[in-house]
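Close look at the chain arrangement
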Amino acid sequence: MRDQLYINGQWVSPDLGNYLPVQDPATGEVLQQVAAGTEEDIDHAVRAARRAFDGGWGQSSGAERGQWLRALAKDLSEQQDSLAHLEVRDNGKPLPEARWDIADAIGCFEYYAELAEALDDRQDQSLAVSDARFRCRIRHEPVGVAGQIIPWNYPLLMAAWKVAPALAAGATAVLKPSELTPLSALELAASAERIGLPAGVLNVVTGLGSEAGSALTEHPGVDKLAFTGSVPTGAKIMTSAARDIKNISLELGGKSAFIVFDDASVDAAVEWILFGIFWNQGQVCSATSRLLVQDSIAPRLIERLVEQTRRITIGPGLEPGVLLGPLVSQGQYDKVMGYIDQGQATGARLLTGGQRPAHLPRGYFVSPAIFDEPALDSALWREEIFGPVLCIKRFHNEAQAVQMANASRFGLAAAVMSADPERATRVANLMRAGIVWVNCSQPTFVEAPWGGMKHSGIGRELGQWGLDNYLEVKQVTEYVGAEPWGWYLKP
């Protein structure tokens, strides 16, 4: 396991010599110590990234960068099983989920290798203009040095979502992983070292958000900031970026609605509801945590939902058959339990769960909770809990369902289930969210744009949109007229 910073292609000790403990969420025990990067370490990393960008990476071809990305994907695939086990111990998620995440991360590097190679064909494309005396071409050039801050819920996958498109575009990166789950990001750095990625192209600085994270967002040498995390932190980063007019993309929180109409299959709905809220312990920005059920189907669906929720196997992520692991930290456990206690105190009916399982006296475990009919103005219904907590409300008709779903400051994702394709399409089009699922919840594809509206963020990741985050568009116009322009100079 790594305990140093990866800067300029080398493993270095933190400037002040401080280290942070990394805990196993299933036990609360310390796994290891990692370096606590400071402002000086961030400055070192940003300068290294600038030298790498100016020294050749920023002028390299897409084909060259694609080869490096494929090499990263290959090296990660060779470590796939050990990375999945490391992710479980670091984050707490069940092993099958971790394996899925690592495979997706590898696929992300492979996908952006293809887009890097295709970028060469997009360069210097001619653009027809209205005056034949001029010729115009369009270039797509890398943004420069990217500062990237990622959350703890999908540690390696979130790193891939940011690092892969940045490197594909020709940008260089300074990555600051969450202090709660930094281990797989350090293994990504180890992969970069093993394949011989040019020094400074990828730098990984672990540390606290209040120290290393803040230093990265405020560094004048950073051209682009990309952040995934909470709304309050995103607002601070946006404020900091505004001072230097930095390019910015933010993927923030969510409180996503799931509408189930009375013509939907109860069993299918229950399956997708469970997946939408309890996958990754509900620690998912797009989790469909607000369930809106048409009143005529509500009794049957809720009965089946509670029955199946009680059958979910809870335990340490490395135990066979576990479907719900611990929350990531003591702080997150306290936050989620606070919402559950507040919900009960304000009159919402707890149908199941919401306690520490009796057979798990240590670690950060919470049994999956379902609340019925919380008040529309309650924190339970309006705020992002980021845990295994589902809230249910009933609706009478389509218009009411859409109105309730859209009545949120968030707009990341939403879902609708109906056997009527026209209604499903109509409702999906009316939802004020950047991602809408029809007759499912949470499928995510590297080819499709990811991001939200309102307080859920700015910009889009993944797909071509993710690559465009790290590109600047340049117009080059040339005068090709046969005669001198002759506007001011007269014979």
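Residues numbered from 1 in each chain as written. Predicted model: local features only at pLDDT ≥ 70, side-chain atom pairs only at ≥ 80, totals over all residues. Heavy atoms only, no water.

1. Regarding the overall build of the protein
Along the backbone of the protein there are 15 helices and 22 strands. Against the compact-globule benchmark of 23 Å for 491 residues, the protein has a radius of gyration of 24 Å, which places it among compact chains. Oriented by its inertia axes, the alpha-carbon framework of the protein measures out at about 90 × 55 × 40 Å. Per-residue burial over the protein gives 57% buried out of 491 residues. (Helix = DSSP H or I, 4+ residues; strand = E, 2+ residues; numbered from the N terminus. Rg over C-alpha atoms; globule rule 2.2 N^0.38 Å. Buried < 20%, exposed > 50% of the residue type's maximum accessible area, 1.4 Å probe, protein only.)

2. Quick notes on the packing of aromatic side chains
This structure, assessed with the given rule, holds 14 aromatic pairs. Between Phe 261 and Phe 395 the ring centres are 5.4 Å apart and the planes differ by 80°, which places this aromatic pair in the edge-to-face class. Pair noted here: Phe 261 is in the loop between strand 12 (257-260) and helix 9 (266-278) and Phe 395 is in strand 16 (residues 389-395), with a separation of 134 residues, a long-range link. Just as Phe 261 is buried, Phe 395 falls in that class too. Relative to Phe 275, the ring of Trp 272 lies with its centre 5.9 Å away and its plane at 85°, an arrangement referred to as edge-to-face. Of this pair, Trp 272 and Phe 275 both sit in helix 9, three residues apart, which is roughly one turn of the helix. By way of ring pairs, the aromatic residues Trp 100, Trp 272, Phe 275 and Trp 279 are connected into one cluster. One cation-aromatic arrangement involves Lys 224 over Tyr 470; the distance from NZ or CZ to the ring centre is 5.4 Å. The ring of Phe 261 is capped by Arg 423, whose NZ or CZ atom sits 4.1 Å from the centre of that ring. (Phe/Tyr/Trp six-rings, centres within 6.5 Å; stacked < 30°, edge-to-face > 60°. Lys NZ or Arg CZ within 6 Å of the ring centre and 35° of its normal.)

3. What to know about the packing of helix 3 (residues 80-91) against helix 4 (residues 95-122)
Orientation of helix 3 relative to helix 4, taken along the N-to-C sense of each, is 125°, at an axis distance of 8 Å. Relative to helix 4, helix 3 is oriented oblique. Helix-helix and strand crossings are classified by hand; for helix 3 and helix 4 the assignment is right-handed. Counting all contacts with helix 3, which are made through Gln 80, Asp 81, Leu 83, Ala 84, His 85, Glu 87 and Val 88, the residues of helix 4 involved are Leu 95, Ala 98, Arg 99, Ile 102, Ala 103 and Ile 106. When the residues that make up the contact of helix 3 with helix 4 are grouped by side-chain class, the tally is eight nonpolar, two polar and three charged. (Axes fitted to C-alpha atoms, helices over the stretch in contact; angles between N-to-C directions. Parallel < 35°, antiparallel > 145°, perpendicular 65-115°, else oblique. Left-handed = near helix turned anticlockwise from the far one by under 90°. Contact = heavy atoms within 4.5 Å. Nonpolar A, V, L, I, M, F, W, Y, C, P; charged D, E, K, R; others polar.)

4. Some words on the side chain of Thr 288
Within the secondary structure layout, Thr 288 lies in the loop between helix 9 and strand 13 (290-294). Side chain to side chain, Thr 288 and Ser 441 meet in a polar contact 2.9 Å long. Once residues lying within four places of it in the same chain are set aside, the contact partners of Thr 288 are Ser 256, Ala 257, Phe 258, Gly 276, Ile 277, Leu 390, Ala 415, Trp 437, Ser 441 and Gln 442. (Polar contact = N/O pair within 3.5 Å; in protein donor to acceptor, adjacent residues only side chain to side chain.)

5. Let's talk about the sheet that holds strand 13
The strand order 14-15-16-13-12-18-19 describes an open sheet built from seven strands, whose pairing is mixed. Looking at strand neighbours, the two that pair on one side only are strand 14 (349-352) and strand 19 (435-438), the edges of this open sheet. With direction set aside, neighbouring strand axes in the sheet form an average angle of 25°. Where strand 13 and strand 16 come together, five bridges link them in parallel fashion. Along strand 16, the bridge assignment pairs Leu 291 with Ile 392. (Pairing = 2+ DSSP bridges.)

6. Some thoughts on a nonpolar patch on the surface
A surface patch of nonpolar side chains, amounting to about 720 Å² of accessible area, comprises Tyr 479, Trp 485, Trp 487, Tyr 488 and Leu 489. Mapped onto the elements of the fold, Leu 489 is located in the segment after strand 22 (471-479). (Patch = residues over 30% accessible without salt bridge, like charges linked within 9 Å, V, L, I, M, F, W, Y side chains within 5 Å. Areas by Shrake-Rupley, 256 points an atom, 1.4 Å probe, with all protein chains shown as cover. Salt bridge = Lys/Arg side-chain N within 4 Å of Asp/Glu carboxyl O.)

7. What about the sheet that holds strand 22?
With respect to topology, three strands assemble into an open sheet ordered 5-6-22, the strand pairing being antiparallel. Both outer strands of the open sheet, strand 5 (125-127) and strand 22, are each paired with one neighbouring strand and no more. Between one strand axis and the next, the sheet turns through 35° on average, direction left out of account. Of the strand pairs in this sheet, strand 6 (residues 134-142) and strand 22 are connected by nine bridges, and their pairing is antiparallel. The residue of strand 22 that forms the bridge with Arg 137 is Val 476. Along the sheet face, helix 4 touches strand 5, strand 6 and strand 22 and points at about 160° away from the line of strand 6.

8. Here's the deal with the pairing of strand 18 (residues 413-417)
In terms of residue burial, strand 18 counts as a mostly covered element, since five of its five residues are buried. One ladder, built from four bridges, connects strand 12 with strand 18; its direction is parallel. By the bridge assignment, Ala 257 is partnered in strand 18 with Ala 414. Pairing of strand 18 with strand 19, which is carried by four bridges, proceeds in the parallel orientation. Within the sheet, the bridge partner assigned to Ala 415 lies in strand 19 and is Trp 437.

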